Each structure stands twice: as structure tokens, then as C-alpha cells.
Amino acid sequence: MAGQTPGMFGSSRNVAVNSTLQNEAKSDFSDKQTLLAVLQFLKKNNLKGTEDLLKREAGIKDDDVIPQTAPPSETDVSHALAAYKSADDPSLYMDHYTDLKNFIESCLDVHKVELSMVLYPVFVHMYLELVYNEHERHAIIFFQKFSIEQEDYYQDDLNQLSTVTKKEHMKGNQLMENFKGSRFVIKMSRDSYNHLKRHLQEKKMKPLLNIIQEHLFIDVFDGVPRSKQQIQATSGAVLGENERDANKAKVFYGLLKEPEINMPVEEEEESVEVTDKSKKKKVKKDPLLTKKAKNDPHAPQLNRIPLPEMKDNDKLEKITAYREALRRVKVGRDHPPTICFYTMLNSYKGVTSLDIAEDSSLMAAGFADSTIRVFSMTPQPLRCMKIASSLEGIDKEADDVLERMMDDRTASDSKLLLGHSGPVYAARFSRDRKYLISSSEDGTVRLWSLFTWTNLVCYKGHNHPVWDVEFSPYGHYFVSVGQDRVARLWSTDHHQPLRMFAGHLSDVDCVKFHPNSNYVVTGSSDRTIRLWDILNGNCVRLLTGHKGSVQVLAFTPDGRFLASAGVDCMVLLWDIASGTLLAQMKGHTETVYSLCFGRDGAALASGGLDCSVKLWDIARVIQEIDTEADISIPSSVNVNDNPKLLLESYSTKATPVLALHFTRRNLLIASGPAQIPESTKT
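Residues numbered from 1 in each chain as written. Predicted model: local features only at pLDDT ≥ 70, side-chain atom pairs only at ≥ 80, totals over all residues. Heavy atoms only, no water.

Undergrad: Let's hear about the pairing of strand β11 (residues 435-440): which residues, and what values?
TA: β11 sits mainly inside the fold: five of its six residues count as buried. Bridging between strand β10 (residues 424-429) and β11 involves five bridges; their strand directions are antiparallel. Each residue of the ladder has a partner; that of Ala427, found in β11, is Ser438. Between β10 and β11, which pair antiparallel one after the other, the connecting turn spans five residues, and Arg433 there sits at a positive phi close to 65°. Hairpin connection between β11 and strand β12 (residues 444-449): a loop of three residues separates the two successive antiparallel strands, and Gly443 in this loop has a positive phi of roughly 85°. (Buried < 20%, exposed > 50% of the residue type's maximum accessible area, 1.4 Å probe, protein only. Helix = DSSP H or I, 4+ residues; strand = E, 2+ residues; numbered from the N terminus. Pairing = 2+ DSSP bridges.)

Here is the structure:
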């Protein structure tokens, strides 16, 4: 063993070079294996078009793709677990782990916090080695003694791991597969790393050395060790933190330049005559709309991905939105928002999702009984289109042709959509309000027409429940995520997915399109967030910091920042440009299910199961960003967790908040189903 130790802990330059070469070779092999696995999946499900397209892009021949006709053999599974084979004395495992704990406790406080992050992955892999080598009694004693010492946010994972007590249990356990398939990532300063290295060299404990060498990736950085607050801010994911190299790809987070639109002058503006120029009131332009009209240096090329052309109706919609933006009110510390709350009463089988259209005219509610109901939020009722024979006599050139196509006899305040065979977990409007997309436990995604109120297409690709679905801001594209741990990109004119984004280690619970439609972001039960490039399908940002499942995501209107929240009751704010965590906002006491930025991005509203809406000061976070910090050194990056970031908190009587929406004039709309206590029911 003494001969192996210098090979592992040689000079930093040799370690870096060897590690780089090994990682590149491993990455190339892993990428090809992933591609082949995806191609096998497409072939198995007869997705010929998508399969051929992927082959051409990746340069893979037909001979390389072998149809998977049978599940992995016992030999394949055994080979995957062979890394845990060990002839070491099982009684030494407890002594080695105790020795490592005592060593860390004896270190200076400045190193103790960083080194303590090694304990959890070492504990898990030691336990799995004992189980694999059939030392069941030693494994149970080891688990019972040390599992309670691990961080609280790992206890759910450990409860799942506690069911693995025999070698045969290991083959179907998802957490075990995650630990075996990927390395646990820990960021550590060079000084702390050298302390650990010297200790392991002196003690020469073979089980510890093997585990750290084979199952951990210690990302060493030059600089002072991180504080406990810095470490806690980015830890918590199933496999530790993100590698620093994971967020180095360039992200075009800017907004696309909008085409020039001639703005007609309103009648009331024409009739006003101002004789005194000094009294003339200057209308303030909306900074976000001004930004869209200019060339943003951080924006992608207009033709980077194909987007639908802007039609006349879209231009009229832009003009309406611009005029409303001129009347927008400020929301911030000195200007609390006006909130309008819609409570869903007497909802049979319960509300499972809520969404509000961009122009605040429609609301869609998904229910556990598999139905969807769309409500009008304006005096304008919802109508169906006339039958085909009645449309023949309509003048297609008329200005009000759309109005003439509607049948007033079908007018009502809401419309019911039937088609799903399981609870509806998401229902989202297209920006032009012509379509609605929905996802369900039945594994399907359905596209609905809001002219005929009928189901147009049923998209089948997921094999398990689909938790969320989202339309692109420019229409045409939508993305779905679910229990199968994969995000799929679709277009409304194709029944097969255009892209599949694979990388999460557990359910993908939520998804959001970037405002420029070039990226999608996903949140998962593996407690990570990933930003995907639609152009090539690559993961360009990996964000860690949540201590529970991520349930909701929201971009700022300018696309620069991302907010996330979920089961851990925290709201986190990220900088997309660098992939760094900017702020950690605490105040909720239950799961957060809804987020929405004000139209100017200065404030963020959050709501959840604690029956409250909270307003956060995002403008202050942005003002307090340390622009001189070196983000390549983790210890130089500080997270803003100032309690004063909470501006206001508004409580409901007994209504969880499932939807939040700022109107174009910055009125906040909130909605949720009333939870009537059993004692008050008659």
C-alpha cells in the first residue's frame, strides 16, 4: 500500500495532468455510452426520425447501435458493483471512520469545516462495501452508530439507504446506483487538502484510501478555506457540489432584439394640445422594452435556433403590452404591491396546478380527477369557434374576422377540457393564448386549442408521470419533464421530441424556458438545477445549494438571474452568467410552489403551502453584488442572506399559494385552493 500512496498523492502538477487525461478519456467514453443508450431507447420506441437526426449530428454509424433486447444480465450488474469488492477486515471499518473523525476534530477550526464534508461520502461507501462483501452484522452496527451524525438534509437519502442490508438489495436501489455511477464532489482549499493527504499517507488505511481515490472528486482550489456559511450555501445535492469546470461554458443570457414596430398614436394622445412646452410631461420609457430594441452584447444570434416569424397579431399584442408598460407602477421597499387573490372553492378532487396567461386574461386549473378548467379573468366570456359551414360566408379580409368567427351562443365564464386519464400536474398557456399545453400522471402531454376547446395532439414519449410542461416565450416549442429523469423538447408540429436532456439523478420536477428561448432550466429531486442549451443539448450550468427537491423556477425579465425554491423552504437567487449563488432568502415554513418576478425585475414574490405570499428585495441583492470577487476561488464568494431582503409577508386564512403572476402594470395576482379544516365541514 505504501507504494500506491505516492501515486495517488504525488506532486500537484502530475496529479493535475494525470487527472485531466483520465477525465478527458473517461468523459469521451461516457459521452459515447450515453449517446448509444439514448439511441437504443429511440430505436426501441420506434422514434425513427429523432434517431436518424441524432446519428447524423453525433457521427454514429448504424453498426454501433445494438438493439437492447434484454435487460442487463447478472454478469453486467455484478461487474458494475465489483468496485466494492474488498478482502479487508470488516471490524476495521468502524475504527478507520472513527480515526478520520478524530483527526478532523483535532484540526484547526479553519480546516475542520471543509474536511468534515468528507465524512458523509466516506460513510456511505464504507457501508456499501460492508454490505457488498456480505458483512451484514457489521454493516448494520456501522450504519446505526454513524448515520445520525450526518447532516439533516441527507437523512432522507440515508433512510432509503438503510433498506440495503444484503448484497442482492443493491441491484435496484436508486441512491446506491447514483453513488456507484458518479463521484461525490467536494470543493476544498489546498491547505485543507494537504492536511488530509498527510494524514492518510501516515496512517496508510487501505479502505479509506481506496474510497477517496475511486469514489470522491476533490476539487482543489488555491485560496483560504471556506467558512461554514459558504460551504452550507452550496452543499446538499445527492452527489455533493458542482465542479468548478461545470459552469465555464459561455451562456448567452441577453434578450433577442425585437423587430421595429411602428407605434400608432392613440386617439387621446392626438387630441391633447400642449401649448406650454415647459408643462409637457415626458413619458418614461420602459427600460426592458428599450433593452429589447437594442443589440444586447450578451444576446444570442437571432438565427441561433429557428423561431417562428412575428405575425400581425403578434405585433398588435406587442403594441398593447408596450402601452400597458407605460402605466406600470413600481414595486419595491417603498412601494408594496396591490395583491388580488383568487381562491378556488368547492374544487372536486382538489386542484393540482394553476397557471395565469401572460396578459392576465385567463386562468387554467388542473384537477386530480384528470380534468382541466379554463376561466376568464375579464368581463369577456369564453366562446367556441363556429362550425365549418358557418365560416364559409365570413369575409376573411375584414379587420374583425376573428370576432366574426366566434359563436356567441357558446359564451360562458369557463370551459372544461377532458382527455387525460390521471391527475393533471401542469397546464400552461402559449403566449398568444391560442393553445394550452398540459401534462399528467398518465404519462402524456396534450395540446389544446383555445378556439375550439378540443384536444389537438397527444404527445407520448414519457414512460412515467409528467410533472411539468412549459411553452417557449416565442411559441412553437415546449418542454416536458417527469419521473423518468429526462427533459424533452418538442415542437407543436412534430409528434416526436426534438431533444432529450439527460443528466439528473432523480425525478425532474419543474422546468422553465429562458426569456430568449435558447435555454431551458430544470429542477430535480436530486436537489440540483441544470441549464440546458437547446442548440446542442449540452448542460451549461449545474447549480447546487438546495437541501430538498426543487419545485419551482423563475427567470428575471432580462434573463440574467434565476430564482429557485422548493421543499427546503428557501428561495435562492443565481447569476446565470457565472453560475454563482447570490442570495439565500429564508422565511417560508413549508414547501414553496410559486415564484414570480415583477415586470421590472426589482421584486420577487413567492408563495407555498404555508399559506403566505412573501415579497423579496431583488434590487438590493443586485446592488450589493461584489463585482471584485474572484468567482474562480470559492472562498471569495459570499452569499447574501440578509433578513432585510424580505420586504413584506401576506398571509391567507387557509389557502396555499399555487400560482403567482404580475400583470403588465405590476399588480400581483395570486391563487390557490381553499383548504377547509375537517372540523368546520358540515
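Okay, back to it.
Undergrad: Describe the pattern of salt bridges, naming the residues involved and giving the relevant values.
TA: This structure, assessed with the given rule, holds 29 salt bridges. A salt bridge links Glu324 to Arg664; the shortest N-O distance between them is 3.4 Å. On the criterion of sequence distance, the pair formed by Glu324 in helix α16 (residues 312-325) and Arg664 in the loop between β30 (659-662) and β31 (668-673) is long-range, its members being 340 residues apart. Here Glu470 and Lys512 are joined by a salt bridge, their closest N and O atoms 3.7 Å apart. Of this pair, Glu470 sits in strand β14 (residues 466-471) while Lys512 sits in strand β18 (residues 508-513), placing them 42 residues apart in sequence. Take Glu470: its relative accessible area is 13%, and that puts it in the buried class. Connected through salt bridges with shared partners, the residues Glu317, Glu324, Glu358, Asp359, Arg431, Arg433, Arg599, Arg664 and Arg665 form a single ionic network. (Salt bridge = Lys/Arg side-chain N within 4 Å of Asp/Glu carboxyl O.)

Undergrad: So what about unusual backbone geometry? Which residues, and what values?
TA: Of note, Ser370 is a non-glycine position whose phi angle comes to about 80°, a positive value. According to the relative accessible area criterion, Ser370 is buried, its value standing at 15%. With a phi close to 70°, Cys569 is a non-glycine residue in the positive phi region. Within the secondary structure, Cys569 is located in the loop between β23 (561-566) and β24 (570-575).

Undergrad: Run through the packing of helix α7 (residues 119-132) against helix α8 (residues 136-146), naming residues and quoting values.
TA: At a minimum axis separation of 8 Å, α7 and α8 run at an interaxial angle of 160°. Our classification of the angle between α7 and α8 gives roughly antiparallel. Judged by the twist between their axes, the crossing of α7 over α8 is left-handed. Contacts from Phe123, Met126, Tyr127, Leu130 and Val131 in α7 reach His138, Ala139, Phe142, Phe143 and Phe146 in α8. Grouping the constituent residues of the contact of α7 with α8 by class yields nine nonpolar, one polar and no charged. (Axes fitted to C-alpha atoms, helices over the stretch in contact; angles between N-to-C directions. Parallel < 35°, antiparallel > 145°, perpendicular 65-115°, else oblique. Left-handed = near helix turned anticlockwise from the far one by under 90°. Contact = heavy atoms within 4.5 Å. Nonpolar A, V, L, I, M, F, W, Y, C, P; charged D, E, K, R; others polar.)

Undergrad: Which residues make up the sheet that holds strand β17 (residues 499-502), and what values go with them?
TA: Taken in spatial order, the four strands make up an open sheet running β14-β15-β16-β17, and their pairing is antiparallel. For this open sheet the edge positions go to β14 and β17, each flanked by a neighbour on one side alone. Taking the axes of each pair of neighbouring strands and ignoring which way they run, one obtains an average angle of 20° across the sheet. Pairing analysis gives five bridges linking β14 to strand β15 (residues 477-482), with the strands arranged antiparallel. Looking at the pairing, Asp468 lines up with Val481 of β15.

Undergrad: Outline the nonpolar core, supporting the account with residue identities and numerical values.
TA: The nonpolar side chains of a soluble globular protein tend to be buried, and buried together. Among the nonpolar cores identified, the biggest contains 51 residues, and Leu100 and Val122 are the most heavily contacted of them. Residues Cys510, Leu531, Leu572 and Trp574 belong to the second largest nonpolar core, which totals 20 residues. (Core = buried A, V, L, I, M, F, W, Y, C linked by side-chain atoms within 4.5 Å.)

Undergrad: Report on the side chain of His111, specifying residues and quantitative values.
TA: By the element assignment, His111 lies in helix α6 (residues 109-115). When neighbours within four sequence positions are excluded, His111 is seen to be in contact with Asp191, Ser192, His195 and Pro225.

Purely spatial values, then, with no claim about function.
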